[in-house]
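# Results of the structural survey
Here is how the chains run, residue by residue.
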Amino acid sequence: MKIAFTMDDLPLWPQSYPPPGYTADGIVRSIRSALKEHSISGVYSFSNSWPLLKHPEFSKILDDWVSDGHHIANHTHSHIELPDVTAEAFIADIDAAETHLAPWVSKAQLKLFRHPLCHWGETPEKLEKVNSHLRSRSLTPVDVTSWAYEWTWNRAYRNALDSRDKAALEFVKTSFLDFSAAQLRHDMAAAEVWFGKETIGITLGHNVPFFADIASDYFARLKEEGVVFVPLAEALSGPGQAVVGSVVSGEFLVLQQKLAAAAGLPTKKLPEDQLAVHAKIVEMAIGQSG
Ligand SMILES: [Zn+2]
């Protein structure tokens, strides 16, 4: 399995500030060190610029990311979600990010954009207005073919940390490694069915405390599963890229799921054998908002 790993939301996870014991910088440092340890290079982070205006010191997080040989791309200024706003407001937010992220995006090999929550536009008009703006700014929209729901595990992890529950912490960690491997196989198989051939996957991580703590084990586990990490440019040369932004979608779905749903052939989001563990983690995550 060939995978291009990407990150979203540097420098700050949009849902909340880091809990006691963690900092935005420390979380990203842990992820950078896991990437280095596993020789995963040139990783694109799809970034929001609002935190830089509020916390100018966060620019160092992006500086350090780029110094490691990774890249920054546009993920809107304020993590605005397309179904919540007009196309015009969304476009203005793309442009604001382009301005504020200029010191870093100008150094990237590719000019890329990711829609927050991968919402391409829930009406044909919004879809086309945004697509046409991205074309005019030479921004290539990049989607995701597999995510691991680590934000849900993060909430369960934080509850386990808060209650100092060692057994719960252990369960959260081990279940994630099994789940994320199964989820990747599930999504890769679905993409292969949809595109009619094996494709290079695009996966996603977020700068949340749990991912910072599990990243090294996660990458190791994926390698054990036969994953080979490749540059994002390689994934973008495949058939999936040609259809990014091609269908109306306001749902939180990965690429092949959006295409299948638009064709009236909805697919299963989660692997059957992981439904119970996912439900258990959702239960453990209750009450934790970020
Ligand atoms: Zn995001």
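Relevant structure appears above.
Description of the structure in this document. (Residues numbered from 1 in each chain as written. Predicted model: local features only at pLDDT ≥ 70, side-chain atom pairs only at ≥ 80, totals over all residues. Heavy atoms only, no water.)

Counting its regular elements, the protein chain contains 12 helices and eight strands. Here the C-alpha atoms of the protein chain give a radius of gyration of 18 Å, agreeing with the 19 Å that 2.2 N^0.38 yields for 290 residues. C-alpha atoms of the protein chain, sized along the principal axes, occupy 50 × 45 × 35 Å. Among the 290 residues that make up the protein chain, the fraction classed as buried is 55%. Considering only residue pairs separated by 6 or more positions, the protein chain has 85% of its internal contacts joining residues 24 or more positions apart. Surface exposure of the protein chain reaches about 12,000 Å², of which carbon and sulfur atoms provide 54%. Charge separation in the protein chain, taken as the distance between the mean sites of 26 positive and 35 negative side-chain charges, equals 3 Å. (Helix = DSSP H or I, 4+ residues; strand = E, 2+ residues; numbered from the N terminus. Rg over C-alpha atoms; globule rule 2.2 N^0.38 Å. Buried < 20%, exposed > 50% of the residue type's maximum accessible area, 1.4 Å probe, protein only. Contact = heavy atoms within 4.5 Å. Areas by Shrake-Rupley, 256 points an atom, 1.4 Å probe, with all protein chains shown as cover. Lys, Arg positive; Asp, Glu negative; His and termini not counted. Charge placed at Lys NZ, Arg CZ, Asp CG, Glu CD.)

The next thing to look at is the side chain of aspartate 8. Mapped onto the elements of the fold, aspartate 8 is located in strand β1 (residues 2-8). Aspartate 8 gets classed as buried once you look at its relative accessible area, which sits at 5%. Reaching out from aspartate 8, the side chain makes a polar contact with the side chain of arginine 114 at a distance of 2.7 Å. (Polar contact = N/O pair within 3.5 Å; in protein donor to acceptor, adjacent residues only side chain to side chain.)

Let's shift gears to the pairing of β1. The element β1 is extensively covered by neighbouring structure, given that six of its seven residues are classed as buried. In terms of strand pairing, β1 meets strand β8 (residues 228-229) through two bridges, oriented parallel. Bridging across to β8, isoleucine 3 finds its partner in phenylalanine 229. Here β1 runs beside strand β7 (residues 201-206); their pairing, made up of six bridges, is parallel. The partner of threonine 6 across the bridge, within β7, is leucine 204. Note: β1 against strand β2 (residues 44-47), two bridges, orientation parallel. Across the sheet, residue methionine 7 finds its bridge partner in β2, namely serine 45. With respect to chirality, the unit in which β1 leads through helix α1 (residues 24-37) into the neighbouring parallel β2 is right-handed. (Pairing = 2+ DSSP bridges. Right-handed = clockwise from strand over helix to strand, strands pointing away.)

With that settled, the discussion passes to the environment of histidine 71. By secondary structure assignment, the location of histidine 71 is in strand β3 (residues 71-74). Sequence separation between histidine 71 and proline 51 is 20 residues; the distance between their C-alpha atoms is 18 Å. Here histidine 71 is in contact with Gly42, Val43, Tyr44, Ser45, Trp65, Ala108 and Gln109, once residues within four sequence places are set aside.

The next thing to look at is unusual backbone geometry. Residue proline 11 follows leucine 10 across a cis peptide bond; omega there is 5°. If you trace the backbone, proline 11 turns up in the loop between β1 and α1. A positive phi is found at threonine 76, a non-glycine position, where the angle reads about 75°. Locating threonine 76 in the fold gives a position in the loop between β3 and α4 (87-100). You can call threonine 76 buried: its relative accessible area is 0%. A positive phi angle, near 55°, is found at leucine 117, a position not held by glycine. Of note, leucine 117 is situated in the loop between β4 (112-113) and α6 (124-136).

Before going further, it helps to spend a moment on helix α11 (residues 255-262). When you tally the buried positions in α11, you get six out of eight residues, the bulk of the element. Inspection of α11 places Leu255, Gln256, Gln257, Lys258, Leu259 and Ala260 among the buried residues, and these make up the whole buried set. Tucked into the core, α11 has its buried residues touching α8 (166-195). One or two residues past the end of α11 sits glycine 264, with phi positive at roughly 80°.

Below, the discussion takes up the packing of aromatic side chains. Following the criterion strictly, the structure yields 17 aromatic pairs and no others. Stacked on the ring of phenylalanine 46, the Lys or Arg arginine 114 has its end atom at 4.1 Å from the ring centre. (Phe/Tyr/Trp six-rings, centres within 6.5 Å; stacked < 30°, edge-to-face > 60°. Lys NZ or Arg CZ within 6 Å of the ring centre and 35° of its normal.)

What follows is about the coordination of the zinc ion. The reference angle at a metal is 109.5 degrees if four donors form a tetrahedron and 90 or 180 degrees if six donors form an octahedron. Ligation of the zinc ion by protein atoms is provided by Asp9 (OD), His75 (NE2) and His79 (NE2), these donors lying 2.1 to 2.4 Å from the ion. All donors of the zinc ion belong to a single chain; written as a sequence motif, their spacing is D-x65-H-x3-H. Of the two residues, aspartate 9 sits in the loop between β1 and α1 while histidine 79 sits in the loop between β3 and α4, which places them 70 residues apart along the sequence. For the pair aspartate 9 and histidine 79, one class covers both residues: buried. (Donors = N, O, S within 2.8 Å, 3.2 Å for Na, K, Ca; no water.)

By size, the foremost hydrophobic cluster in this structure holds 61 residues, and its most contacted members are Phe5, Phe211 and Phe219. Judged by nonpolar contacts, the second largest core, of 11 residues, contains Ala4, Tyr44, Phe46 and Ala235. (Core = buried A, V, L, I, M, F, W, Y, C linked by side-chain atoms within 4.5 Å.)

Tracing the sequence through the fold places aspartate 93 in helix α4. For the buried aspartate 93, which has no salt bridge, the nearest side chain bearing the opposite charge is arginine 137, at an N-O separation of 12 Å. Among the polar contacts listed, one links the side chain of aspartate 93 to the backbone nitrogen of serine 78, at a separation of 2.8 Å. Look past the residues within four positions of aspartate 93 in its chain and what remains in contact with it is Thr76, His77, Ser78, His79 and Ile80. (Salt bridge = Lys/Arg side-chain N within 4 Å of Asp/Glu carboxyl O.)

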